[in-house]
Protein chains: 2
Amino acid sequence: MKNSGERSTIQDVAKLAGVSTMTVSRALAPNASISIKSRLKVESAINELNYRPNVSARRLASDKSFFIGLLYDNPSAAYVSQFISGAMRKCRRLGFHLVVDECNGDDENILATAKNLQDELALDGAILLPPLCDNVKLVDYLLSRSISVVRIAPDIDINRTPYICINDYEAAFKVTEHLIKLGHHKIAFIKGDPKIGASRLRLQGYIDAMHSQNLTIADEYIQYGAFTYKSGLIASANLLNLSTPPTAIFAANDDMASAAIATINRLGFSVPEDISVVGFDDSPIATTMWPSLSTVQQPMTDMSEKAIELFSQGKINPEALTTDRIRNVLNFTIMQRESIAPAPALLDQKKQP
Amino acid sequence: MKNSGERSTIQDVAKLAGVSTMTVSRALAPNASISIKSRLKVESAINELNYRPNVSARRLASDKSFFIGLLYDNPSAAYVSQFISGAMRKCRRLGFHLVVDECNGDDENILATAKNLQDELALDGAILLPPLCDNVKLVDYLLSRSISVVRIAPDIDINRTPYICINDYEAAFKVTEHLIKLGHHKIAFIKGDPKIGASRLRLQGYIDAMHSQNLTIADEYIQYGAFTYKSGLIASANLLNLSTPPTAIFAANDDMASAAIATINRLGFSVPEDISVVGFDDSPIATTMWPSLSTVQQPMTDMSEKAIELFSQGKINPEALTTDRIRNVLNFTIMQRESIAPAPALLDQKKQP
DNA sequence: TAACAATTAGTTATCGATAACAATACTGAG
DNA sequence: CTCAGTATTGTTATCGATAACTAATTGTTA
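Here the residue index of a chain counts from 1 through its sequence in written order. The naming scheme follows written order: chains are lettered A onward, ligands numbered 1 onward. This being a predicted model, a pLDDT of at least 70 is required before a residue's local features are given, and a value of 80 or more before pairs of side-chain atoms are given or counted; all residues contribute to the totals for chains, interfaces and linings. To obtain the side-chain values, all non-hydrogen atoms of the structure were used and water was disregarded.

**So, the overall build of chain A**
Moving on, step 1. Helix and strand assignments follow DSSP, with helices taken as H or I runs no shorter than four residues and strands as E runs no shorter than two, numbered in order from the N terminus. In terms of regular secondary structure, chain A is built from 14 helices and twelve strands.
Moving on, step 2. By principal-axis analysis of the C-alpha atoms, chain A measures approximately 80 × 45 × 35 Å.
Moving on, step 3. Any two residues whose heavy atoms approach within 4.5 Å at even a single point are treated as in contact. Pairs at least 24 residues apart make up 70% of the contacts formed inside chain A by residues separated by at least 6 positions.
Moving on, step 4. Only the protein chains shown count as cover for residues, and all accessible areas are computed by the Shrake-Rupley method using a 1.4 Å probe. Surface accessibility of chain A: about 15900 Å² in total, with carbon and sulfur atoms responsible for 50%.
Moving on, step 5. Residues scored as positive are Lys and Arg, those scored as negative are Asp and Glu, and His as well as the terminal groups of each chain are ignored. Charge coordinates come from a single atom per side chain, which is NZ of Lys, CZ of Arg, CG of Asp or CD of Glu. Considering chain A, the positive charge centre built from 36 side chains and the negative charge centre built from 38 side chains are found 7 Å apart.

**Looking at the relation of the copies chain B and chain A**
Moving on, step 1. In this comparison the copies share one frame, found by least squares on the C-alpha atoms of residues holding pLDDT of at least 70 in both. Turning chain B through 179° and shifting it by 0.1 Å along the axis lays it on chain A, with an RMSD of 0.1 Å. The transformation relating the two chain copies, once decomposed into turn and shift, fits a two-fold axis.
Moving on, step 2. A high fraction, 100%, of the interface residues of chain B reappear at the interface in chain A, so the copies pair face to face through one surface.

**Quick word on the side chain of Lys90 of chain A**
Moving on, step 1. As for its position among the elements, Lys90 of chain A is in helix α5 (residues 77-94).
Moving on, step 2. Setting aside residues up to four positions removed in sequence, Lys90 of chain A forms contacts with Glu305, Ile308 and Glu309 of chain A.

**Section: the sheet that holds strand β4 (residues 148-152) of chain B**
Residue and element names in this part refer to chain B.
Moving on, step 1. Think of it this way: DSSP has to see at least two bridges between two strands before they count as a pair. An order of β2-β1-β3-β4-β5-β11 is seen for the six strands of this open sheet, with the pairing classed as parallel. Unpaired on one side and paired on the other, β2 (97-102) and β11 (327-330) mark the two borders of the sheet. Neighbour-to-neighbour, the strand axes of the sheet open up by a mean angle of 20°, direction not taken into account.
Moving on, step 2. Packing of helix α5 (residues 77-94) onto the sheet brings it into contact with β1 (67-72), β2, β3 (125-128) and β4, and relative to β2 it is tilted by some 160°. Interaxial angle, 0 to 180 degrees, is taken between N-to-C directions of lines fitted to C-alpha atoms, where a helix line uses only the stretch in contact.

**With respect to the packing of α5 of chain B against helix α13 (residues 300-312) of chain B**
All names here are of chain B.
Moving on, step 1. Two elements in contact, α5 and α13, have axes separated by 8 Å at closest approach and are oriented at 40°. On the basis of their axis angle, the class for α5 and α13 is oblique. Note that α5 runs across α13; the crossing there is right-handed. Contacts from Tyr79, Gln82, Phe83, Gly86, Ala87, Lys90, Cys91 and Leu94 of α5 reach α13 at Met300, Thr301, Met303, Ser304, Glu305, Ala307, Ile308, Glu309 and Ser312.
Moving on, step 2. When residues are sorted by character, Ala, Val, Leu, Ile, Met, Phe, Trp, Tyr, Cys and Pro go into the nonpolar class, Asp, Glu, Lys and Arg into the charged class, and all the rest, Gly among them, into the polar class. Split by residue class, the contact of α5 with α13 holds nine nonpolar, five polar and three charged. Relative orientations are named as follows: roughly parallel for angles under 35 degrees, roughly antiparallel for angles over 145 degrees, roughly perpendicular for angles from 65 to 115 degrees, and oblique for any other angle. Two helices that cross are described as forming a left-handed crossing if the nearer one is turned anticlockwise from the farther one by less than a right angle, and a right-handed crossing if clockwise.

**What about the protein's contact with DNA strand C?**
Moving on, step 1. Throughout this document, a residue counts as near a molecule or strand when at least one of its heavy atoms sits within 4 Å of that molecule or strand. Lining the immediate surroundings of DNA strand C are 23 residues, of which Ile10 and Ser25 of chain A together with Arg26, Ser35 and Ser38 of chain B lie closest.
Moving on, step 2. Contacts described as polar in this section are N or O atom pairs within 3.5 Å, which, within protein, must combine one atom able to donate a hydrogen with one able to accept it, while residues neighboring in sequence count only if both atoms come from side chains. Ile10 of chain A is positioned with one of its backbone polar atoms (N or O) 2.2 Å from a phosphate oxygen of DNA strand C.
Moving on, step 3. Here a base oxygen of DNA strand C sits 3.4 Å away from a polar atom, N or O, in the main chain of Ala61 of chain B.
Moving on, step 4. Broken down by secondary-structure element, the contributors of at least two residues to the surface near DNA strand C are α2 (21-28) and α4 (55-61) of chain A together with α2 (21-28) and α4 (55-61) of chain B.
Moving on, step 5. Broken down by element, the residue count for the surface near DNA strand C peaks at four residues, all from α4 of chain A.
Moving on, step 6. The residue inventory of the surface near DNA strand C, partitioned by class, reads twelve nonpolar, nine polar and two charged.

**Quick notes on the protein's contact with DNA strand D**
Moving on, step 1. By nearness alone, 23 residues border DNA strand D, and Met22, Ser35 and Ser38 of chain A together with Ile10 and Ser25 of chain B come closest of all.
Moving on, step 2. The sugar and phosphate moieties of DNA strand D supply 61% of its atoms located within 4 Å of the protein.
Moving on, step 3. Note that a base oxygen of DNA strand D is positioned 3.3 Å from one of the backbone N or O atoms of Ala61 of chain A.
Moving on, step 4. With respect to DNA strand D, the backbone of Ala57 of chain B contributes an N or O atom lying 3.3 Å from a base nitrogen.
Moving on, step 5. Elements that contribute at least two residues to the surface near DNA strand D include exactly α2 and α4 of chain A together with α2 and α4 of chain B.

**Section: the domain arrangement of chain A**
When the parts come together, some accessible area is lost, and that loss is often what is quoted as the size of the interface.
All names here are of chain A.
Moving on, step 1. By domain assignment, chain A separates into domain 1 (10-53), domain 2 (67-161 + 300-329) and domain 3 (168-294).
Moving on, step 2. Where each domain starts and ends follows an automatic or database-derived domain assignment. Averaged C-alpha coordinates put domain 2 and domain 3 at centres separated by 30 Å.
Moving on, step 3. In this complex, domain 2 contributes six residues to the contact, which on the side of domain 3 involves seven residues.
Moving on, step 4. Interface of domain 2 and domain 3: buried area, both sides summed, is about 570 Å²; carbon and sulfur atoms make up 57% of it.
Moving on, step 5. The salt bridge definition used is simple: a Lys or Arg side-chain nitrogen within 4 Å of an Asp or Glu carboxyl oxygen. Seen at the junction of domain 2 and domain 3, the total is one salt bridge. Summed over both partners, the accessible area lost on bringing two parts together, with a 1.4 Å probe, is the buried area.

**Description of the pattern of salt bridges**
Moving on, step 1. One pass over the structure, following the stated rule, counts 21 salt bridges over all chains.
Moving on, step 2. Notably, a salt bridge pairs Asp168 of chain A with Arg202 of chain A, separated by 2.8 Å at the nearest N-O pair. Linking Asp168 of chain A in helix α8 (residues 168-181) with Arg202 of chain A in helix α9 (residues 197-212), this pair joins segments that are 34 residues apart in sequence.
Moving on, step 3. Looking at Asp168 of chain A, the relative accessible area reads 5%, which means it is buried.
Moving on, step 4. Throughout this description, buried means an accessible area under 20% of the type-specific maximum (1.4 Å probe, protein chains only), exposed means over 50%, and partly exposed covers the range between. The buried category is assigned to Arg202 of chain A, whose relative accessible area is 5%.
Moving on, step 5. Taking the shortest distance from any N to any O, the salt bridge between Asp193 of chain B and Lys195 of chain B comes out at 3.9 Å.

**Here's the deal with the interface of chain B and chain A**
Moving on, step 1. Listed as interface residues are 30 residues of chain B and, on the opposing side, 30 residues of chain A.
Moving on, step 2. For the pair chain B and chain A, the summed buried area comes to about 3000 Å², and 57% of that belongs to carbon and sulfur atoms.
Moving on, step 3. Of all residues in chain B, the largest losses of buried area upon contact with chain A belong to Arg92, Glu120 and Trp290 of chain B, amounting jointly to 19% of the total for that side.
Moving on, step 4. The interface formed by chain B and chain A holds three salt bridges in total.
Moving on, step 5. A salt bridge links Asp101 of chain A to Arg92 of chain B; its shortest N-O distance comes to 3.1 Å.
Moving on, step 6. Taken together, the connections running from chain B to chain A amount to four residue pairs in polar contact (both at pLDDT 80 or more).
Moving on, step 7. Within the residue set of the side of chain B that touches chain A, elements represented by two or more residues are α4, α5, β2, α6 (107-121), α10 (229-240) and α11 (254-266) of chain B.

**Brief notes about the pairing of strand β6 (residues 187-190) of chain B**
All names here are of chain B.
Moving on, step 1. The alternating pattern of β6 places Ile187 and Phe189 on one face and Ala188 and Ile190 on the opposite face, and all of these are buried.
Moving on, step 2. The pairing of β6 with strand β8 (residues 248-251) spans four bridges and is parallel. Residue pairing for β8: Ala188 is matched across the bridge by Ile249.
Moving on, step 3. With two bridges joining them, β6 and strand β7 (residues 222-223) adopt parallel strand pairing. Along β7, the bridge assignment pairs Ile190 with Gln223.
Moving on, step 4. Whether a crossover is right-handed depends on one test, that the path from the first strand over the helix to the second runs clockwise when the strands point away from the viewer. The β-α-β motif built from β6, the intervening helix α9 (residues 197-212) and the parallel element β7 has right-handed crossover chirality.

**Let's talk about the sheet that holds strand β2 (residues 97-102) of chain A**
Residues and elements named next belong to chain A.
Moving on, step 1. The six strands are arranged β2-β1-β3-β4-β5-β11 in an open sheet whose pairing can be described as parallel. Strand pairing shows two members of the sheet lacking a second neighbour, β2 and β11 (327-330), which therefore form its edges. The mean angle between the axes of side-by-side strands here comes to 20°, regardless of whether they run parallel or antiparallel.
Moving on, step 2. Across the sheet, helix α7 (residues 136-144) is in contact with β3 (125-128) and β4 (148-152); its angle to β3 comes to roughly 165°.

In structure tokens, the structure reads:
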């Protein structure tokens, strides 16, 4: 190992391994033709010297840019920043640069931002966060410029690019099932933004879980929501004003769930004694709230690291996409916190102003 | 202008300007000796070709890295991500790369993370967000490696490095003054994390504004807080349980202010009719809340862009630091929203469970 | 005005990697 | 065993910029 401060170069590795620099370079490339013997020699030299290629030199010499764009529209700051931090770290390790950009507005604007970014940096890859992951025009454009695309939780054209997600359906199913096991029968659901595919899956998971236990769902128990706090306030107020309010509210994300808690408290009920509340995403608000919010945790760091890894495993070219490369479904965790409890034996209190 | 897709190089500029590439290079450097005539020729050629230097080539050829580290400890995700987005954009424009890293834990850990980053990337500059901006050991280390440092809202060794902030004192003063003008006399304050310098300034602004109007502050009206939602819940509950609760609560950040709103609602009072609430920072929660929160907006994008600009204006070397380069105090904005109203004529309701 | 500094501009080598081509080492068929 | 054909490895030029040196120009002073 060279004395710290000085980084070792490909020349050092080549000398130590007793091969040419090209052989080292080839050992690093995913699809190069190189003998096993050389590869081993090079690999051990790399380890010994703790060598890592100089990105700038690479970028200059090759036609690749090693830039990966992370494009998002308007998911919550928390969602984005959680995703970023894992992706950044992984990028650094693998010699990529992450370029984060917000694509706002209508389709035209979004496309313009993407084009601009591309003109400026010549992206090698792009990661699309919801709801951009389902923007067909954007995907078309990126693929037409032969930019590798990885989508997070897409709902459309599932097999067109590799994607990463959790099983939203199953998560919602299990949460609902759990509430039922705690004795809840009157479970309401606050839907998410219909533009985001996962909303549909979460709703369906809830519905199917209810039906699987032979529970019927009153129409009014499924409320419209849009992933915003405000929409959660309205939806939860609607639910509490029903003649028979629910004993549990399952919201499609944490912002709406925390709005539900606020409403419940404001109307003189308490969480979880009177009404249990569950959210989705495990965003920071879930633990800043009091009572803390039970929710579904997505493994954001794993997801973002996985996304970057996909780029490094050779070019993601459409023909070579095997199913196991395309589908990357990671495990969720149900975070049980203070906001849920067994159903109250009887709920006959009246709300008081 | 070259046909889009192809970027023009320094050679193109040199040819068009009728000079050598070195002259172009020098025209771009901050302290190079070059005649006005050549500089003008080069500049117009650069404009015509829309030339922007290739960062990789630069990094390879020079001893600079063009990496700027953005180090933060644990300010809210919202604070960091707002800062990042401006900084990223500016970096792209000026040919830097922003490397974002979280430095957690005790001083030793923080230092280790910074050293690691430095070994890996050889930073040209570092931006320190609070509370890292006041970590003397960290600043010492970075300066000792001759990394340019820009600090955000520092409280210690103010003149050691350039810094960027708003006038927290004045903002707090004006907010308090505004509440007083609305007829509030019983104004309480929830303090921020004492590790963060701005906390002290915000408190002092509040105190001085009260005194300037000859209002006295009951001891119990100044509550301990730590910038967290939970600490805001406790502090506000304390305030509402006083025999004469305040008619206005000013919290040193939005998280605590929103906790205050939650407590007020839970105890059967309403905002702003019974009690006005003001926060600080204009974080996303301020507008997701209902009622929306009046607060002080820091110009985060301006701050982050300014920070990056400082690096590009030649090396920030300690000797050349004039006062006007060091101090960068930007303007805040008081965001008046739904959570404040004139003081109630009389507050004689009792809280009801 | 000649002689010498000080400024400004140009030339060449270099950073660390890969592309494209050239050379060599293996392989199996005849 | 030889030779074509393939698999592997090496050589040289190159990416786009700057450092370090050299050359030319300008300005100053005796």
